[in-house]
Amino acid sequence: TVDGNVIITNTSSTRGIFRNDSAYDLRLGGGVNKADGACISLSGGTRGGGTSTAKGRVEIFAGGDNYTAQSQITGDIVIGAHWSGGDQTILHLDSSNSAANFHGSVTFLGASHNVSVTSGTNIRGSNHLFLQGDASYVQIKSPNNYIYYDAVSHNFRKEDGTANRLVIDATDATFSGN
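The residue numbering used here restarts from 1 in each chain and proceeds along that chain's sequence as written. Restriction of local features to residues with pLDDT of at least 70 applies here, the model being predicted, together with a cutoff of 80 or more for giving and counting side-chain atom pairs; totals for whole chains, interfaces and linings are based on all residues. In computing side-chain properties, one takes all heavy atoms of the structure into account and sets aside hydrogens as well as water.

S.K.: Any chance you could break down the pattern of salt bridges for me, citing the residues and the numbers?
M.R.: Opposite charge on two side chains lets them pair, provided their charged atoms get close. Salt bridge, as used here: a side-chain nitrogen of Lys or Arg that lies within 4 Å of a carboxyl oxygen of Asp or Glu. Using the criterion set out here, one finds one salt bridge in the structure. We note a salt bridge from Arg 165 to Glu 159, for which the minimum N-O separation is 4.0 Å. The buried label applies to any residue whose accessible area, calculated with a 1.4 Å probe on protein chains only, is under 20% of its type's maximum; exposed applies above 50%, and partly exposed to all values in between. For Glu 159, a relative accessible area of 69% gives the class exposed.

Now the structure itself:
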């Protein structure tokens with residue numbers, strides 16, 4: 001039963017809503033299956049059988065078999081908000097290079113979380129990079145190597161940031177004495 005409009009002119013060749021009986025999912029696709037174009041897959045409770053992680057899974061894919069390399073896919077995945085006054089991108093997943101670009105803050109809720117850089121070397125802030133441990137401390141650790149601080153001036157400040165305790169610049173190290 002459909003209450004409202006559903007217009008699909010051809011589900012057998014270029015686009016459609018279809019059920020993949022072997023995968024137990026419902027798909028909204030730009031082609032006849034996931035390989036033919038972008039699609040959204042809504043998995044049922046029996047997909048994959050047993051303890052499969054595919055049960056109840058939502059998948060969003062850009063691209064399709066018409067592309068020979070990931071870098072050719074320019075149809076990115078964008079999650080955002082649209083209202084009468086405009087649009088705002090919240091998350092942009094760049095299909096060509098596997099980058100996730102957040103537009104705004106990323107907040108981890110709960111007691112404990114890890115952020116890992118597995119193959120890269122940098123965490124960067126284009127203007128400021130602010131690390132803060134509100135409840136306890138911030139630890140910078142390199143147990144088997146060196147820690148480098150590269151800056152024009154190094155300022156070790158009072159806990160509220162109002163006064164310098166130690167300033168190290170190109171020529172001097174100055175202690176505040178209090």
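S.K.: Now, about a nonpolar patch on the surface: what can you tell me, with residues and values included?
M.R.: Side chains of Val 117, Ile 123, Leu 129, Leu 131, Val 138, Ile 140, Ile 147 and Tyr 149 sit close together on the surface and give an oily, nonpolar patch of about 810 Å² of accessible area. Only DSSP runs of H or I covering at least 4 residues are called helices, and only runs of E covering at least 2 are called strands; the numbering of each starts at the N terminus. Structurally, the position occupied by Leu 131 is in the loop between strand E7 (99-102) and strand E8 (154-157). Each patch is built from residues lacking any salt bridge and having more than 30% relative accessible area; the joining distance is 9 Å for like charges and 5 Å for nonpolar side chains (Val, Leu, Ile, Met, Phe, Trp, Tyr). In these tables, accessible area is a Shrake-Rupley quantity obtained with a 1.4 Å probe, and a residue counts as shielded only by the protein chains included in the view.

S.K.: Please set out the sheet that holds strand E5 (residues 77-83) residue by residue, giving values where relevant.
M.R.: Ordered by their spatial adjacency, three strands build an open sheet running E5-E6-E7, and the pairing between neighbours is antiparallel. Strands with a single pairing partner mark the edges of an open sheet, and in this sheet they are E5 and E7. Going from strand to strand, the sheet's axes swing by 20 degrees on average, the running direction of each strand aside. Two strands qualify as a pair provided DSSP detects at least 2 bridges between them. The pairing of strand E6 (residues 86-94) with E7 spans four bridges and is antiparallel. Bridged to Asp 94 within E7 is Ala 99. Helix axes are fitted only over the stretch in contact, all axes being lines through C-alpha atoms; the angle between N-to-C directions runs from 0 to 180 degrees.

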